[in-house]
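A look at the structure
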Amino acid sequence: GTVVALCGGVGGAKLAFGLSHLLGERLTVIVNTGDDFEHLGLHISPDIDTVLYTLSDRANRELGWGRKDESWNFMKALAEIGGEGWFQLGDRDLALHVERTRRMRAGDRLTDIVVDFARRFAIPSRILPMSDDAVRTSVVTRDEGVLPFQRYFVERRCQPVVEEVQFQGADSARMSAEVEAALSSADLRAVIVCPSNPYLSIDPLLSVPGISQLLADASAPVVAVSPIIGGQAVKGPTAKIMSELGIPATNATIADHYGDLIDGLMIDEADAAEIGQLAVRATISATLMRTDDDRCRLAEDVLAFAETLAE
Ligand code: FO1
Ligand code: CA
């Protein structure tokens, strides 16, 4: 059977790495593009690139984004002539942005471009953008108005208080034929919602018309891995945003947030005591992924859990 993973950036990509190692070409990863933006005239797709780099062992593990063995000559040269420096584009990373932008201007679909890059990187699994249409995440802040996602996340370092998260363009976006086929395949064995930020990384995916319906209709079990451990987000601003939105940073909230879309939730062993309070079938595992072995073991655990939920 085949498996689909829904994924945002860093945390999600780590589990996608484990799943990819176990499943190879039987895995399709559908990736958030709500973080995409135009910068310096280039089309940047941070979550797609994080997945491409992570699954091909090119990721910069220290930074959590971008490539390993990176150099920054372009940024230094840009600063010298007064260019914008708040968003760092490494010399090697730049190649993807330039080539993606060139091909998009030539009329190629983002899906085809990403599939080609993945093949060039010898990634056996399929990586698909959630849509070829632009969906742009923006954050309504209390004091600074509406900020495009990267301005909020990188330039303002998630400091502004969040009142609402919006997905511009979502209403009229279409999922690609490839996304639709992957989610409605008769061969589908499980859908895994990776431990990415539900509000910033997974919700944009679910906002694309049709995707949540396909999840709800899937005969295969849909299983999420919680990004919360001990009341804290493993990485990034999940817990901060939840508290600003007035939602407690607990696994129960994550379970309620995904609601009927998921059939099971995997939580961290540190939160085992919460299992009884969850309105969904749940199981525990060690969800913190420090090493490649951790990623593969968690992938095994989540697939085994999904197996127990299959009809
Ligand atoms: N994150 C930062 O915190 N600072 C950066 O300068 C930065 C540059 C960057 C360039 C390419 C890329 O693919 C990602 C980059 N990120 C950077 C990460 C990215 O903005 C976020 O981690 C994701 O959008 C959140 O999922
Ligand atoms: Ca279902």
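Up top is the structure these notes are about.
These numbers come from a predicted model, not from an experiment.

1. Brief notes about the sheet that holds strand 13 (residues 264–268)
Read from one edge of the open sheet, 7 strands run 5-2-1-9-10-13-14, paired in parallel fashion. Across the chains shown, the open sheet's two edge strands, defined by having one partner strand only, are strand 5 (126–129) and strand 14 (281–285). Averaged over all pairs of adjacent strands, the angle between strand axes in this sheet comes to 25 degrees, irrespective of strand direction. In terms of strand pairing, strand 1 (residues 2–7) meets strand 9 (residues 188–193) through 5 bridges, oriented parallel.

2. Regarding the packing of aromatic side chains
Counted according to the given criterion, the structure contains 6 aromatic pairs. Considering the side-chain rings of Phe 37 and Phe 87, the 4.9 Å spacing of their centres and the 80 degrees angle between planes classify their relative orientation as edge-to-face. Placement of Phe 37 in strand 3 (residues 37–39) and of Phe 87 in the loop between helix 3 (73–80) and helix 4 (91–105) is noted, with a sequence separation of 50 residues between them. A relative accessible area of 9% means that Phe 87 is categorised as buried. Relative to Phe 87, the ring of Trp 86 lies with its centre 5.6 Å away and its plane at 65 degrees, an arrangement referred to as edge-to-face. Look at Trp 86 and you get buried, because its relative accessible area is 17%. Members of the aromatic cluster, connected to one another through ring pairs, are Phe 37, Trp 86 and Phe 87. Stacked on the ring of Phe 121, the Lys or Arg Arg 58 has its end atom at 4.0 Å from the ring centre. A cation over an aromatic ring shows up here: Arg 295 above the ring of Phe 17, its NZ or CZ 4.7 Å from the ring centre.

3. Re the pattern of salt bridges
If you walk through the whole model with that rule in mind, you get 20 salt bridges. For Arg 61, the salt bridge goes to Asp 292, with nearest N and O atoms at 2.8 Å. Of this pair, Arg 61 sits in the loop between helix 2 (46–55) and helix 3 while Asp 292 sits in helix 12 (residues 292–309), and the two are 231 residues apart along the sequence. Look at Arg 61 and you get partly exposed, because its relative accessible area is 43%. Here Asp 143 makes a salt bridge to Arg 142, at a shortest N to O gap of 3.1 Å. Given a relative accessible area of 57%, Asp 143 falls into the exposed group. Sharing partners across several salt bridges, the network here consists of Asp 57, Arg 61, Asp 292 and Arg 295.

Conventions used here
- Residues numbered from 1 in each chain as written.
- Chains lettered and ligands numbered in written order.
- Predicted model: local features only at pLDDT ≥ 70, side-chain atom pairs only at ≥ 80, totals over all residues.
- Heavy atoms only, no water.
- Pairing = 2+ DSSP bridges.
- Helix = DSSP H or I, 4+ residues; strand = E, 2+ residues; numbered from the N terminus.
- Axes fitted to C-alpha atoms, helices over the stretch in contact; angles between N-to-C directions.
- Phe/Tyr/Trp six-rings, centres within 6.5 Å; stacked < 30°, edge-to-face > 60°.
- Buried < 20%, exposed > 50% of the residue type's maximum accessible area, 1.4 Å probe, protein only.
- Lys NZ or Arg CZ within 6 Å of the ring centre and 35° of its normal.
- Salt bridge = Lys/Arg side-chain N within 4 Å of Asp/Glu carboxyl O.

Nothing here speaks to function; it is geometry throughout.
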